[in-house]
Structures are given as structure tokens and as C-alpha cells.
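Here is what each chain is made of, one letter per residue.
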Amino acid sequence: MENLYISATPSSPEVDFRFTENVLSLRGESYPENAAAFYSGIISSLNEYLDGEVRPQAITLNVELTYFNSSSTKMLFTLFGTLNDRAADGADVTVNWYRHEDDDTMREFGQDLQDDFSAMKFHEHAIADD
Amino acid sequence: MNSNTMYAQYREFCEIACKRRVIFYYVGYFSQSIISAMADAVKMGVEHIGAAGQTRRRLFSSFVEMAQNIVHYSADALTPEDRNDREMRHGSVCIGIHGEKYFLICANPIKTEMAEQLRATLEPLRTMTIDEIKAAYKKMLQSDAPDGSKGAGLGLLTMARDASEPLEFDFAPSREAGITMFYLKATI
């Protein structure tokens, strides 16, 4: 399975899905014009990786998004759901959730993710505000 | 027009903007690349005036939701109706300061028959508590997007969540038949 790399643009994040290392990272800001179109390709690559011949046993997802708009939120929710299903099937899935220390919206969203997708291990990392 | 008159007229415009404490205003066509550029300007502007981190993020979030609503839903489109990428649609957005708070107002034409649907979505948000708004947001996140939405049906709920007062909205008749002007205001 080939790795997936998409460079960041002013309104879409860097996507660095290293399937060969089982480390998937999203970095930057996410408010593309059409979030469904942007994320559906990423999610289908993720599914291909999860359903590949060598089923991954331990996966790390790093989320370093400083902002995502409402339609990206919906797509990220789908992406988390996909990984959580695999975790429920026995894979070891770790999410590293980075947020600014005073960002209450991101803190609450992280909390909701933990509640909704409890099969994954969730590590929150507060970064100092600039 | 001599240059003195031009200067006087422009000064008058700037003085009104200053008096109303307008920190950002744009009217024209909205596209994704224009929104990205404006988002940069808004980010720098609110940082420059020293807004707190959380306030800056809420202003930015509401600005993006408003601007993307114009790109997706304004009735004045340069691009074909059925297209859902690289759209260009007309509207305006303004950010200002009132008392201790920031406000954002956006305006765009809509088809008149959309007004009732918008009112039915917005009116209940005005009386909901923040906890009810968060619960409605979560419910919408877990369900399928409503018909006619080009996003997730979460945009207005996101603005209601980020605002410190109920969202305000208004409709005004337009000179064009079948078209109504839609105004939305969020106070942060």
C-alpha cells in the first residue's frame, strides 16, 4: 500500500498518511470549499489500507489541526469512526490530539470524540498559545 | 471631479467606518481563494487589536462559516447553479466592535422561497441555551446532512455555539423579483 501525502494549502491541511509505518498525520487548518470531496478520497485510501492483505495491528493517528470548519468536522467524524471500528475489532489505535491550551472548543470536541469512539486510546496534548 | 472632492468623499466614508468601529468589510464575489486571503487578513486584524485567543478563534470560525455560506448559497452566482466546486457568488461581510464585543454581519441575496426555511432553522436557535445548542450540534454531527445542504448542516449551529448572544437575522425585499436579501449577525 502506497503512502498518501497531500501538501497543505491555505485552507486544507497537510495529509501525511504513512501506511507503511502505520502512522497517519493531519496538520494545519481545514476549511476547503468542498470538505466532502477533500476527505472522501482520504477516507477511501484509509479503508484500502485497513482492508489490505496485511491487516494493521497498531495504528497511530496524529491530529494537529488548529482549525476546522463545520463541514470538515463532519468528515473528520467519519474518519474517526472508521478507525474506531477497527479498534473495536481488536487493533490497537492511538489518537494524539493536539490543541492550544486555551482552546475550549477543541478541548470539548476532543472530549466528545473520546466519549463517542471509546475503542481508541486518546492522548491529549495541550500546546502553549502563541 | 477634482481631487479635493474625491478626497473629501473618501474621508467621509472612512470616518463613518471608523465611527462604527468597522475592522473589516468586503462586498463582492466570494470564492474559496478570496475567502482564504480574507481569512488571513481577518486573522492578522484581530490579532493586531489584541483580542484574546478564544475570541480570535471564534471570530475566525464565524467568519469562515459566513463566507462559505455565501459561496454555497447566495442567489447571485457567477458559476452555474448545479456546480459545487470553484463557485463564485455575491455577498458582503463586515466585522466590527460594539461596546466590549465583536460582531459579524453578512448579507446575500436568496431565493424568496428559501426565507421561510431559513427562518424555521434560525428562530429556534435564538431561544436555545448553550447546552441545548451543543446537544443539537452533536446530534447533527451524528446524523446525515439535511437536504439542500452542501456541507454538514452544522454551519449555523457552529455560529450559534461560538456566539455570546443569540444569532440575529433579517430579510428585506429586493428590487429583483423572487429575490430577498438575507442578513445574519453574530455577536462574539
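Each value, and the rule that gives it
The numbering scheme is per chain: residues are counted from 1 as the chain's sequence reads. Chains and ligands are labelled sequentially in the order written, the chains with letters from A and the ligands with numbers from 1. In view of the model being predicted, local features appear only for residues whose pLDDT reaches at least 70, and side-chain atom pairs are presented and counted only at 80 or more, with totals across whole chains, interfaces and linings using the full set of residues. Computation of side-chain values covers all heavy atoms of the structure but excludes hydrogens and water. In these notes, a set of buried Ala, Val, Leu, Ile, Met, Phe, Trp, Tyr and Cys residues joined through side-chain atoms within 4.5 Å is what counts as a nonpolar core. Throughout this description, buried means an accessible area under 20% of the type-specific maximum (1.4 Å probe, protein chains only), exposed means over 50%, and partly exposed covers the range between. Contacts are residue-level and defined by heavy atoms, with any inter-residue pair within 4.5 Å sufficient. By convention, a stacked pair of Phe, Tyr or Trp rings (six-membered ring in the case of Trp) has centres within 6.5 Å and planes under 30 degrees apart, an edge-to-face pair has planes over 60 apart, and any other such pair is tilted. Only DSSP runs of H or I reaching four residues or more are called helices, and only runs of E reaching two or more are called strands; each is numbered from the N terminus. Charge over a ring is defined by NZ of Lys or CZ of Arg lying within 6 Å of the ring centre and within 35 degrees of the ring normal. If DSSP finds at least two bridges between two strands, the strands pair. The angle between two axes is taken between their N-to-C directions and runs from 0 to 180 degrees, where each axis is a line fitted to C-alpha atoms and a helix contributes only its stretch in contact. The rule for a disulfide is simple: a pair of cysteine sulfur atoms within 2.5 Å. Reported orientations rely on four angle classes, namely roughly parallel under 35 degrees, roughly antiparallel over 145, roughly perpendicular from 65 to 115, and oblique for the rest. In a left-handed crossing the near helix is turned counterclockwise from the far helix by less than a right angle, and in a right-handed crossing that turn is clockwise.

## A word on the nonpolar core
The nonpolar side chains of a soluble globular protein tend to be buried, and buried together.
Here's step 1: In terms of nonpolar packing, the biggest core is built from 81 residues, with Phe80(A), Leu83(A), Phe63(B) and Leu184(B) touching the most fellow members.
Here's step 2: If sequence neighbours within four positions are ignored, Leu184(B) has contacts with Met66(B), Leu104(B), Ile105(B), Cys106(B), Leu122(B), Leu156(B), Met159(B), Leu167(B), Glu168(B) and Phe169(B).

## Description of the packing of aromatic side chains
Aromatic ring pairs are reported here in terms of the distance separating the ring centres and the angle at which the planes meet.
Here's step 1: Applying the stated criterion across every chain, the model contains 18 aromatic pairs over all chains.
Here's step 2: On the numbers, 5.0 Å between centres and 85° between planes, the contact of Phe38(A) with Tyr39(A) is edge-to-face.
Here's step 3: For Phe38(A), a relative accessible area of 18% puts it in the buried group.
Here's step 4: Ring plane angle 80° and centroid distance 5.1 Å describe the contact between Tyr67(A) and Phe60(B), whose orientation is recorded as edge-to-face. Placement of Tyr67(A) in strand E4 (residues 58–68) and of Phe60(B) in helix H3 (residues 53–73) is noted, with the two residues assigned to different chains.
Here's step 5: Relative accessible area serves as the criterion here: at 8%, Tyr67(A) is assigned to the buried category.
Here's step 6: A residue is classified by how much of its surface remains accessible, and Phe60(B), at 6% relative accessible area, is buried.
Here's step 7: Taken together through their ring pairs, the aromatic side chains of Phe68(A), Phe77(A), Phe80(A), Trp97(A), Phe109(A), Phe117(A) and Phe122(A) make up a single cluster.
Here's step 8: Positioned over the ring face of Phe60(B) is Lys43(B), at 4.7 Å from the centre of the ring.

## Details of the sheet that holds strand E2 (residues 14–18) of chain A
Here's step 1: Strands sit in the order E1-E2-E3-E4-E5-E6 (chain A) across an open sheet of six strands; the sheet is mixed. A single partner strand is all that each edge strand has here, and the edge strands are strand E1 (4–6) and strand E6 (121–127) of chain A. Sheet twist, expressed as the average angle between the axes of neighbouring strands with direction ignored, equals 10°.
Here's step 2: Examined bridge by bridge, strand E3 (residues 23–30) of chain A and E4(A) share eight bridges and lie parallel to one another. For Ser30(A), the partnering residue across the bridge sits in E4(A) and is Phe68(A).
Here's step 3: Running at roughly 85° to E4(A), H3(B) makes contact with E3, E4 and strand E5 (92–100) of chain A of the sheet.

## Here we look at the state of the cysteines
Here's step 1: Evaluation of the coordinates by the stated rule reveals zero disulfides over all chains.
Here's step 2: Cysteine Cys106(B) remains unbridged, with the sulfur of Cys94(B) as its closest cysteine sulfur at 10 Å.

## Remarks on the packing of helix H2 (residues 70–88) of chain A against helix H5 (residues 130–142) of chain B
Here's step 1: Where H2(A) contacts H5(B), the two axes come as close as 9 Å, and the packing angle between them is 60°. Looking at the two axes, H2(A) sits oblique to H5(B). Regarding H2(A) and H5(B), the two cross each other, and that crossing is right-handed. Where H2(A) approaches H5(B), its residues Thr73(A), Lys74(A) and Phe77(A) are matched on the opposing element by Tyr137(B), Met140(B), Leu141(B) and Gln142(B).

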